[in-house]
Amino acid sequence: MNQTSGTTVAISLITSGFILPRKGVLSSCQIQITEVGEGRKRYRKMHGISRKTPSQDEQEASDLKAAELRDLQSQFLHLHHNKIYTKEALETSAKLLVVNPEHYTGWNYRKLAVQHFLDHQSETEVDSESIQLVLNEELRVVENALKKNFKSYGAWYHRKWVLSKGHSSMDKELRLLGKFQKLDSRNFHAWNYRRFITMLKKISDEEELQYTTDMIFDNFSNYSAWHNRSVLLSHLFEKRGKGHSHKESILEEEFEFVRNALFTDPDDQSGWFYHLWLLDQMVKLEPLLLSSWPPHGCCLYLSVDDYIGCGNLFPRIHFQSKDRMFPIVLYFSEAVEGVNSSTVTIEYEYYSNDDVIWRPLSANRFGCAQAWLTYLNFPDEVHFLKDSPVKVVVAQFPGIVSTNGVSFSQTSYIEFSLCVPSHDREHTEGQTIPRILWKNEKFHPHITESHDASLLNPLHQLKITEEGKSKSSDWSMKTIANEIAHCRDLLSSTNCKIGKLTLARLLMAQSKLISYCIPNDGVKVHYEEILGLYHDLMELDPVHICYYEDEHSLVLLKQVTLSMESILRYCHQYGDSISPSMDSHFCLRLNDLSLSRIGNVERLLWIQMLDLSHNKIRSIEGLEALQLLSCLNLSNNKICSFAALDPLRMLKSLKVLDISYNEIGAHSVDTRRYLCSFPMTHAVKNDWNFEEFANVGVDLTNHWDAFFIFRGLNLIQLDILGNAVVSDQLKQLLFKLMPSLNWFDGENRN
Amino acid sequence: MGELKTEKHVEYILSVEKRKDDFVSVVMEHLRLNGAYWGLTTLDILGKLEAVDQDEVVSWVMQCQHKSGGFGGNIGHDPHLLYTLSAIQVLALFDKIEVLDIEKVSNYIAGLQNEDGSFSGDMWGEVDTRFSYIAICSLALLHQLDKINVEKAVKYILSCQNLDGGFGCTPGAESHAGQIFCCVGALAITGSLHHVDEDLLGWWLCERQVKSGGLNGRPEKLPDVCYSWWVLSSLIMIDRVHWIDKEKLVKFILDCQDKENGGISDRPDDAVDVFHTYFGVAGLSLLEYPGLKAIDPAYALPVDVINRIFLGN
């Protein structure tokens, strides 16, 4: 505990009614900080028993007890198996259950006995008094058992079962609960039972909310009470519909309530998650369309052979397509579902919208993604196109919904035009494919700024109407600004982890809200400050350093891609002459930045060559949105398994991959195994033909994960050395899976 | 802190198996099948499964089965899902699933699914997401998931998801690391982890690590070796295990060993038991402690057993 431990702190709340008045210090509203933990009370047999060897006396006593219990148990089983439900028999089971409340067959037996009694009743005349007597006896046995073991699942369920027969007094149950919950305010069985009783007794959410307030006043270090509060408030928000002002006032009160707990003892976790939940309520806004490929307003220059030509690449955007098709990617502010040909319409001369199939771009979120993909093609007979317009209208009809249930309602659109040059030359077959060398001397800083802004600034101007700036986001901005001020205040007097983390999150939430305010009210996001906070946290709380590194990476990527200028700083020109077969001379180099994960790639959808080497990357989730990517360097990172490369399976343009010097094969635990569709999960049907590979001497059972990742890729260059997994067997498999592989670990295979 | 006392732990587990007369053994008699799973899996991870008489164990396990197809915790005790999974797991360890009447066992399990997708633990109707996990895990091991309505089962589990990203035993119940393991495990097995907010849940889980390096099961609770399993396996399934300090946790588990008599306890210097010995050793396996067999975080069985079942080698 920190220095405030043991003090009494006044909290500015009063206890009457559902709405918590803002100020008003009452003497009864004082919170006594006491250290709570399981250590105070120990109920469970298997926990918290000292290791010391028992004395001879103790041993003898224990042996005697064991012998008695053994007798009791075998007596009981005899009664159970012979269906004997006499008074004496029931007493035997009651005796057993008080010594050993976890004896589930004992509880089953008592249920059978009750049922036996009830069945017998219905034959003659129903005697509710004797029924009540029988049921009360059950409640008494349960109570005694619970006194012995407060955490016995069997005892609690037996009580529920008895209650469900009717005839019992709910008030008595509430009194009993009150007693138990005083003894152990965190017992989740008791809380669950409480929810069961309040449901039976139809106690209002408001009344129960007051109970949690009382419990928190009694001791704010009660996570169970905070939890129940979040459950009750969610119900109330749902029930009362979309009355904004009502929800707003509650949220404001709650922020103040939990802030007091956080500030009183910043080391106590009880309020941390509640605060985060409140913050999440603030930024639960409508999903937005953030960006797209092709970008709005651009002119896309398609070449149907592999040849790009030596002419100036710019100001037009080129895309090669042997298949006469090109991808369209929509990138939303959060994962959404419901993108299809009725929610998104495409107006294009050579295409019927009905034929469009949208696919979610996500390695592990089926039917739901931040980025969505479709392909448009143009007919074989068309050899020349000049400024053929394409219009994509997003959410013309409702149906696009974010994962947290908010609908996309504002129609947005992107427009671009399509050109196919008439002088496409015949592709020269059999040319040698040069190897991509990820060496510093091959890259030149990109200094020309003459490029078409539509390429480097794919943050197209979506037509977002003024209604986009809703009243609620104004209020959210104000509330978050207020919380930020409070947080800074706390941090000025104490250097605490939760304060810094909360401030970092508030600032990020603010940045999210800013994207909803058009025009921007001049509030600037201070990414430097957020990055600084995460740096501090790495030192302050080294146990969770990787958590802060991951968060830091996401903020850094946001900062790097903030504007055209900042992206340009990381852009390089590859090679000295233009390579004839690759349109990837323009390379984004995010190497050596201590990145540990990927995210916020909405402004990078146009990237074809990406260098992420010499980072700390464990997961490449997010890269799947970069549909144009053809060259990727992931060397010298911390990728631990082939499963971690799952997002690559969605990159159909990928030709060059460097995963050398990672940790593939060095770990016995694969942390990505269940996040992709592996055969251990029900989601995938195992249709692999293992025999096919046995013929070429490859035992797939050792490399089934490599098979899973690489079978859909069509690489021409792969670097994989420096991973523990590499073996001749694996190489054989890779060659078989990717016959097009021309360069392998620097060697030309032809 | 020293190192893992493998030999001592093997001796301890074998001795518990033989000791049936002390009070703790008698109190635990009703869940002996769980105990068998804990003890035998520990032996397997330690590379010493051959130390037990396989035929004797298999024959005893089969005597715990009822006409209904379900298994009781011991001979003569009522059938329940809790022990049915243990029975299947023990048989899987020995590669003896074929002794089961798969149709009968899987019908028993599938018959306990309720209209809302949830599962009862037995005929008496207690509902808990623990039972959802057990049903899904058991049926997957038997290749019989098609017997239940997986979509509804997943939907029910999601209805128990809380605002802190975790899961409780029924809708509205507080998040608890053990329950999170059950729900995340069930979602992993059914290929539905996309419903989990990995960052939110991951933060809650990684904050379970306390100063001593140990993990607790809920905020502001004491650490306990068993959470090494519940929390770690969940963090692994959602790829956030790097968010905790593994070295400190290894040290905490090793500090809970009884170095003289073998076995692992909940906290340093407490009395050891099979339950904590299993969770300690399994936790160390998840932490890639040298010399231990790898264990699968979703099925709680050694990876070679799982590969045998699902990849057929």
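Residues numbered from 1 in each chain as written. Chains lettered and ligands numbered in written order. Predicted model: local features only at pLDDT ≥ 70, side-chain atom pairs only at ≥ 80, totals over all residues. Heavy atoms only, no water.

The helix and strand tally for chain B stands at 14 helices and two strands. Taken over C-alpha atoms, the radius of gyration comes to 18 Å for chain B, in line with the 20 Å a tight globule of 313 residues would show. If one aligns the C-alpha atoms of chain B with their principal axes, the spans along those axes are about 50 × 45 × 40 Å. Within chain B, residue pairs in contact and separated by at least 24 positions form 66% of the contacts whose partners lie at least 6 positions apart. Split by element, the accessible area of chain B, about 9,700 Å² in all, is 51% carbon and sulfur. Here chain B carries 26 positive and 45 negative side-chain charges, and the mean point of each set is 2 Å from the other. (Helix = DSSP H or I, 4+ residues; strand = E, 2+ residues; numbered from the N terminus. Rg over C-alpha atoms; globule rule 2.2 N^0.38 Å. Contact = heavy atoms within 4.5 Å. Areas by Shrake-Rupley, 256 points an atom, 1.4 Å probe, with all protein chains shown as cover. Lys, Arg positive; Asp, Glu negative; His and termini not counted. Charge placed at Lys NZ, Arg CZ, Asp CG, Glu CD.)

All names here are of chain A. Within strand β6 (residues 325-337), eleven of the 13 residues are buried, leaving the element largely enclosed by the surrounding structure. Of the pairings in the sheet, the one linking strand β3 (residues 289-293) to β6 comprises four bridges and is antiparallel in character. Bridged to W293 within β6 is V329. Here β6 pairs with strand β11 (residues 401-402) via two bridges, running antiparallel. (Buried < 20%, exposed > 50% of the residue type's maximum accessible area, 1.4 Å probe, protein only. Pairing = 2+ DSSP bridges.)

Residue and element names in this part refer to chain B. Between the first and last C-alpha of helix α7 (residues 129-141) there are 18 Å, a value that for 13 residues agrees with the 18 Å anticipated at 1.5 Å per step. For α7, the tally of buried residues reaches 13 of 13 residues, placing the bulk of the element in the interior. Where α7 begins, the capping side chain belongs to D128, and its oxygen is found 2.8 Å from the backbone nitrogen of R130. H143 sits one or two residues past α7 and shows a positive phi near 55°. (Expected span 1.5 Å × (residues − 1). Polar contact = N/O pair within 3.5 Å; in protein donor to acceptor, adjacent residues only side chain to side chain.)

As enumerated under the stated definition, the model contains 40 aromatic pairs over all chains in all. When the ring of W156 of chain A is compared with that of F180 of chain A, the centres are 6.1 Å apart and the planes differ by 70°; the resulting orientation is edge-to-face. With W156 of chain A in helix α5 (residues 153-163) and F180 of chain A in helix α6 (residues 170-183), this pair connects stretches of sequence that are 24 residues apart. Taking 5.3 Å as the distance between ring centres and 50° as the angle between the ring planes, the aromatic pair formed by W156 of chain A and Y193 of chain A counts as tilted. Taken together, the residues span a long stretch of sequence, with W156 of chain A in helix α5 and Y193 of chain A in helix α7 (residues 188-200) at a distance of 37 residues. Summarising the burial analysis for this pair, W156 of chain A and Y193 of chain A share the class buried. Clustering of aromatic rings is evident, with ring pairs tying together Y223, W272, F273, Y534, Y547 and Y548 of chain A together with W203, W204 and W243 of chain B. Against the face of Y413 of chain A rests K391 of chain A, its NZ or CZ located 4.5 Å from the ring centre. (Phe/Tyr/Trp six-rings, centres within 6.5 Å; stacked < 30°, edge-to-face > 60°. Lys NZ or Arg CZ within 6 Å of the ring centre and 35° of its normal.)

Summarizing the sequence annotation, UniProt attributes the feature "domain: Prenyltransferase alpha-alpha toroid" (unreviewed entry) to residues 4-300 of chain B in the numbering used throughout. As a span, residues 4-300 of chain B carries 48% helix and 1% strand, and end to end its C-alpha atoms are 20 Å apart. (UniProt positions renumbered as here; feature names shortened; annotations may be inferred.)

Before going further, it helps to spend a moment on unusual backbone geometry. A cis amide bond links W293 of chain A to the next residue, P294 of chain A, at an omega of -10°. Assignment of secondary structure puts P294 of chain A in the loop between β3 and β4 (299-303). Notably, H143 of chain B is not glycine yet its phi reads approximately 55°, a positive angle. Positive phi values are uncommon outside glycine, yet D239 of chain B reaches one of about 55°. Its place among the elements puts D239 of chain B in the loop between α11 (226-237) and α12 (246-255). With relative accessibility at 4%, the residue D239 of chain B sits in the buried group.

Attention now goes to the pattern of salt bridges. Summed over all chains, the structure comprises 36 salt bridges over all chains. The salt bridge partner of E174 of chain B is R186 of chain A, with a shortest N-O separation of 3.1 Å. Remark: R186 of chain A occurs in the loop between α6 and α7 and E174 of chain B occurs in the loop between α8 (150-159) and α9 (177-189); the pair is interchain, linking two chains. Like R186 of chain A, E174 of chain B is buried. For E483 of chain A, the salt bridge identified is with R259 of chain A, shortest N-O distance 2.6 Å. Here E483 of chain A, found in helix α13 (residues 471-493), pairs with R259 of chain A, found in helix α10 (residues 244-264); they are 224 residues apart in sequence, far enough to count as distant. (Salt bridge = Lys/Arg side-chain N within 4 Å of Asp/Glu carboxyl O.)

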